[in-house]
Amino acid sequence: MASLCCRCSRSCTLLTRYATRVNQRLLVVPRRQLASSSQQQKQLPDMTKTTTQIQGRDDASLSRYPNFRSPGGILRGLDYAGTLTFALTGAVTAAQSGLDVFGSTMAAVITAVGGGTIRDAIFLNRRPFWTEESEYIWMGACMGLITFFVWPDVLEWQKEHKAEKKMKQLEQSGGSDDEKEVYDEMDAALDTLDAIGLSSFAIIGAQNGVRAGMPMIVSAICGMATSTFGGLTRDVLCGRPIRIVHSNAEIYAEPALAGATTYLVAERMGARPGLRIGLAMAMCIGSRFVAIKNDVKLHTWDTAQDNLGVAVRKRPTE
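The model shown is predicted, which means the values in this text are computed figures rather than measured ones.

**Points about the overall build of the chain**
Check the secondary structure of the chain and you find 8 helices and 0 strands. When the helices and strands of the chain are listed from N to C terminus, the series reads α-α-α-α-α-α-α-α. Within the chain, the proportion of its 318 residues that are buried is 35%.

Below is the structure:
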């Protein structure tokens, strides 16, 4: 009887030790899971930070922010310069058309981002790029606001400078009056910056078309739309003749289309990003300068004679 009790007590002791060991092993897994989940939670802020940092487009052909280390970084810097230039010209055009400070600032933003907005919303069926790259809105609004208040003084200075230059030309020519408008350094600087913006916008628009899997002709149209449809919307807002479809000034949309097509052809031939960006920039800027220098315009009907292009119903003669 005593031996039986002793065996029972030993069995109980062994069962108790076994249960204790099993419970300890079972507790190890939840602790490890908790440790791994806590590590994942600690890593979440870093992942969020990384996602915020790379928000927007960032690849070999177009970096997220300007830099001099890659062709894409240089292109982004030129894109920023073009954005500021387009906003400046948009604000000037709106103010000269009679818009107030809010309207001029809005026109500046529309001129800067309107082309890319139409490209994304209509041609590529996606959210506009500035919903992820909001710095473009800030650049356009700030430049438009500054231009509205500062540019009148600049125009006065330019007017005086042109008058002095005109007098010098008259003295050199012996007093013969030349009706040709004086083209000064400020005009040259604005045309240069505008050509840079036109070419960079055309290239980026073509890149977006390629990234979306669009045919070559659609990608070329995306490039032209990105660089010119902001100005188109501005002209409609200001009640002015749309520049890209009227020959009031030299050709504008055609150099953008040529630059976008050059980029796409170089990309199709397998050229490196730097080479195709350089070729497209040279084509667009070069053709734009040729158009400015030689006043290249497309042919239009002579609507002043015989009511060409105007639907007129004439009464039959008796």
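**A closer look at the packing of aromatic side chains**
Under the criterion given, the structure shown has 4 aromatic pairs. Centroid distance Tyr 80 to Tyr 136: 5.5 Å. Interplanar angle 85°. Geometry classified as edge-to-face. With a gap of 56 residues between them, Tyr 80 in helix α2 (residues 71-96) and Tyr 136 in helix α4 (residues 135-172) connect regions that are remote in the sequence. Both residues of the pair, Tyr 80 and Tyr 136, count as buried.

**Quick word on the packing of helix α6 (residues 216-238) against helix α7 (residues 253-268)**
In the contact formed by α6 and α7, the axes pass within 8 Å of each other and the chain directions differ by 140°. As summarised for this structure, α6 and α7 are arranged oblique, according to the angle between their axes. Considering how the two elements wind past one another, α6 and α7 form a crossing that is right-handed. Of α7, the residues touching α6 (which contributes Met 216, Ser 219, Ala 220, Gly 223, Met 224, Ser 227 and Thr 228) are Ala 253, Ala 256, Leu 257, Ala 260, Thr 261, Leu 264, Val 265 and Arg 268.

**Quick notes on unusual backbone geometry**
Of note in the backbone geometry, Asn 125 takes a positive phi value of approximately 55° without being a glycine. Mapped onto the fold, Asn 125 is located in the loop between α3 (101-123) and α4. Taking the relative accessible area as the measure of exposure, Asn 125 reaches 69% and is therefore exposed. For Asp 295, which is not glycine, the phi dihedral falls at a positive 55°. Mapped onto the elements of the fold, Asp 295 is located in the segment after α8 (273-294). Its relative accessible area of 44% is what places Asp 295 among the partly exposed residues.

**Details of the confidence of the model for the chain**
Residues at a pLDDT of 70 or more form 75% of the chain, whose mean pLDDT is 83. The low-confidence segment residues 27-32 (pLDDT under 50) makes 0 contacts with residues lying over four places distant or belonging to another chain.

**Here's the deal with the pattern of salt bridges**
What the rule picks out here adds up to 10 salt bridges. A salt bridge links Asp 120 to Arg 119; its shortest N-O distance comes to 2.9 Å. As far as burial versus exposure is concerned, Asp 120 and Arg 119 are alike and both buried. Residue Glu 250 is joined to Arg 243 by a salt bridge in which the shortest nitrogen-to-oxygen separation is 3.3 Å. Note on Arg 243: relative accessible area 29%, which makes it partly exposed. Shared partners join several salt bridges into a network, and the residues in it are Arg 119, Asp 120 and Arg 126.

**Re a nonpolar patch on the surface**
Nonpolar side chains collect at one region of the surface, where Val 101, Phe 102, Met 106, Leu 145, Ile 146, Phe 149, Val 150 and Leu 237 lie side by side and expose about 740 Å² of accessible area between them. Contributions of two or more residues to the nonpolar patch are made by α3 and α4. Element by element, the count of residues in the nonpolar patch is highest for α4, at 4 residues. Following the sequence through the fold, Leu 237 ends up in helix α6.

**As for a negative patch on the surface**
A cluster of acidic residues, Asp 153, Glu 156, Glu 160 and Glu 164, forms a negative patch on the protein surface. Along the chain, the position of Glu 160 falls in helix α4.

**As for the side chain of Ser 219**
In this fold, Ser 219 is placed in helix α6. Of note is the side chain of Ser 219, whose polar atom sits 3.5 Å from the backbone nitrogen of Val 210. Excluding residues within four positions of it along the chain, Ser 219 makes contact with Gly 205, Ala 206, Gly 209, Val 210, Met 214 and Leu 264.

**Remarks on α7**
If you check α7, its first and last C-alpha atoms are 23 Å apart, about what 16 residues at 1.5 Å a residue would give, namely 22 Å. Listing the buried residues of α7 in full gives Ala 253, Pro 255, Ala 256, Gly 259, Ala 260, Thr 262, Tyr 263, Leu 264 and Ala 266. Buried residues belonging to α7 abut α5 (185-211), α6 and α8. With its phi angle positive at about 85°, Gly 270 sits one or two positions after the end of α7.

**Some words on the packing of α5 against α8**
Running from N to C, α5 and α8 cross one another at 140°; their axes reach a closest spacing of 9 Å. Taken together, the axes of α5 and α8 lie oblique to each other. Seen along the crossing, α5 lies across α8 with a hand that is right-handed. Seen from α5, the contacting residues are Asp 191, Thr 192, Asp 194, Ala 195, Ile 196, Leu 198, Ser 199, Ser 200, Ile 203 and Gln 207; seen from α8, they are Ile 277, Ala 280, Met 281, Cys 284, Ile 285, Arg 288, Phe 289 and Ile 292. Its residues assigned to classes, the contact of α5 with α8 comprises 11 nonpolar, 4 polar and 3 charged.

The rules behind each value
- Residues numbered from 1 in each chain as written.
- Predicted model: local features only at pLDDT ≥ 70, side-chain atom pairs only at ≥ 80, totals over all residues.
- Heavy atoms only, no water.
- Helix = DSSP H or I, 4+ residues; strand = E, 2+ residues; numbered from the N terminus.
- Buried < 20%, exposed > 50% of the residue type's maximum accessible area, 1.4 Å probe, protein only.
- Phe/Tyr/Trp six-rings, centres within 6.5 Å; stacked < 30°, edge-to-face > 60°.
- Axes fitted to C-alpha atoms, helices over the stretch in contact; angles between N-to-C directions.
- Parallel < 35°, antiparallel > 145°, perpendicular 65-115°, else oblique.
- Left-handed = near helix turned anticlockwise from the far one by under 90°.
- Contact = heavy atoms within 4.5 Å.
- pLDDT = per-residue confidence, 0-100.
- Salt bridge = Lys/Arg side-chain N within 4 Å of Asp/Glu carboxyl O.
- Patch = residues over 30% accessible without salt bridge, like charges linked within 9 Å, V, L, I, M, F, W, Y side chains within 5 Å.
- Areas by Shrake-Rupley, 256 points an atom, 1.4 Å probe, with all protein chains shown as cover.
- Lys, Arg positive; Asp, Glu negative; His and termini not counted.
- Charge placed at Lys NZ, Arg CZ, Asp CG, Glu CD.
- Polar contact = N/O pair within 3.5 Å; in protein donor to acceptor, adjacent residues only side chain to side chain.
- Expected span 1.5 Å × (residues − 1).
- Nonpolar A, V, L, I, M, F, W, Y, C, P; charged D, E, K, R; others polar.

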